[in-house]
Amino acid sequence: MKAAIKNEIIKLWLRKKIVVLLIISIGMMILSATLSHFDSKEVKMASNEIYEMEKQSLKSLYSNKEIDSTYIERSLEIIDTKMVHNIPAEGYQTGAMLLFEEITGGFFISIILPFAVIILCSDMIVGEQTTGSLKSLLFSPLGRGRLLFSKILAVFFVLLGLSIFYFFLEYIITGTLYRFGGWTDQIVLTLINPGIYSVWQGIVLGFLLLIISMTFYILLAIFFSVIFNNVMSSILGFITFVLIQYTSPLYMEKIPYLYYSVFPNVKLALFLEGEGATQPYGVSLITAIVVIGLAIVLLLYLSMVIFKKRDIFV
């Protein structure tokens with residue numbers, strides 16, 4: 001299995017896919033740091049003023065019968081917690097704080113991750129089937145199931161390494177622009193209820209949730225690559241699903257139950273900042289993890305079954 005994973009990673013490197021992802025990541029990281037730098041120079045209102053405006057806006061939603069009052073009350077509780085502990089509305093301009101903000105909803109998970117998955121997975125099955133290289137692999141002692149699993153793990157390790165590289169350089173750049181440290185600064189995280197945690201705890205939790213989202217994206221792309229007969233169909237299937245997630249706020253009010261199965265941008269880490277209930281239908285972090293966890297298991301199972309049984313591969 002180790003040899004198969006190593007072989008898949010080498011193939012991704014030889015095809016220049018990893019190099020392309022590194023270039024894209026560096027460019028997006030520089031853009032992120034630049035925007036953060038200019039944003040920090042804007043004149044901001046005092047935190048209490050911002051919080052009061054947010055509270056008034058939330059309270060005005062009570063008159064809307066379509067909005068669950070639980071969502072409003074939880075949002076107000078988060079704001080009150082921040083005010084009691086004097087946590088600035090604009091956050092801290094430190095390397096650690098900006099790293100936390102990037103992990104929980106920055107360019108990496110919003111833009112880089114979906115494109116990276118497309119680049120790595122789009123032709124991993126269908127492409128090799130077209131060139132005929134997959135046929136010889138299917139008759140190896142490794143077996144179909146372990147072969148597919150080795151491809152999944154290869155993509156996972158490449159993306160894991162890419163994310164560590166991205167976030168490390170992000171911290172170096174933002175730390176240079178502002179100041180390093182800030183790991184023990186206080187922030188509000190929403191696990192079950194809003195609570196006070198250190199920034200480093202938020203970074204660890206955010207990164208773990210990022211890995212869950214990463215796994216979901218990989219298995220989704222592999223699933224489309226297994227069920228379709230050409231690369232373009234595989235790519236279009238994945239892009240369509242991602243676009244549905246990005247546009248989900250447009251139809252969630254009409255079909256509220258879809259919120260439990262289609263989380264906007266799969267940004268699980270946003271729940272840590274109390275932003276998981278961006279729609280008026282509040283969903284807990286545990287519920288989100290369970291739903292996406294079940295989706296991961298289902299995608300893996302279906303991909304394995306289809307990959308093992310489809311005659312087209314032989």
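Residues numbered from 1 in each chain as written. Predicted model: local features only at pLDDT ≥ 70, side-chain atom pairs only at ≥ 80, totals over all residues. Heavy atoms only, no water.

Novice: Even after reading the chapter, I still don't get the packing of helix 6 (residues 107-121) against helix 11 (residues 231-246), so can you show me in this structure?
Specialist: In a packed pair of helices, the relevant descriptors are the angle between the two axes and the axis-to-axis distance. Packing of helix 6 against helix 11 leaves a shortest axis separation of 10 Å and a crossing angle of 160°. With respect to their mutual orientation, helix 6 and helix 11 come out roughly antiparallel. The handedness of the crossing between helix 6 and helix 11 comes out as right-handed. Facing helix 6, whose interface residues are Ser110, Ile111, Pro114, Val117 and Ile118, helix 11 presents Ile235, Phe238, Ile239 and Tyr246. Partitioned by chemical class, the residues of the contact of helix 6 with helix 11 number 8 nonpolar, 1 polar and no charged. (Axes fitted to C-alpha atoms, helices over the stretch in contact; angles between N-to-C directions. Helix = DSSP H or I, 4+ residues; strand = E, 2+ residues; numbered from the N terminus. Parallel < 35°, antiparallel > 145°, perpendicular 65-115°, else oblique. Left-handed = near helix turned anticlockwise from the far one by under 90°. Contact = heavy atoms within 4.5 Å. Nonpolar A, V, L, I, M, F, W, Y, C, P; charged D, E, K, R; others polar.)

Novice: Whenever I open this one, empty space enclosed by the protein confuses me. Can you help?
Specialist: In this approach, a probe sized like a water molecule rolls over the atoms, and the result shows the empty space that is left. One pass over the structure, following the stated rule, counts 1 cavity of 30 Å³ or more. The space that makes up the largest cavity amounts to roughly 40 Å³. As for the largest cavity, its lining consists of Val117, Ile118, Cys121, Ser122, Ala221, Ser234, Ile235 and Phe238. Looking at the lining of the largest cavity, the elements that each hand over two or more residues are helix 6 and helix 11. A class-by-class count of the residues in the lining of the largest cavity yields 6 nonpolar, 2 polar and no charged. (1 Å grid on protein atoms, 1.4 Å probe; cavity = no way out; pocket = protein on both sides within 12 Å on 5 of 7 lines; lining within 4 Å. Points joined across faces, edges and corners; volume = space filled by probe spheres on them.)

Novice: Mind showing me how you'd approach the pairing of strand 2 (residues 194-198) here?
Specialist: On a regular strand, one side chain projects to one face of the sheet and the next to the other, so that they alternate. Bridge count for strand 1 (residues 186-190) against strand 2 is 5 bridges, and the pairing is antiparallel. Residue isoleucine 187 lies in a different strand from strand 2, and its bridge partner there is tyrosine 197. (Pairing = 2+ DSSP bridges.)

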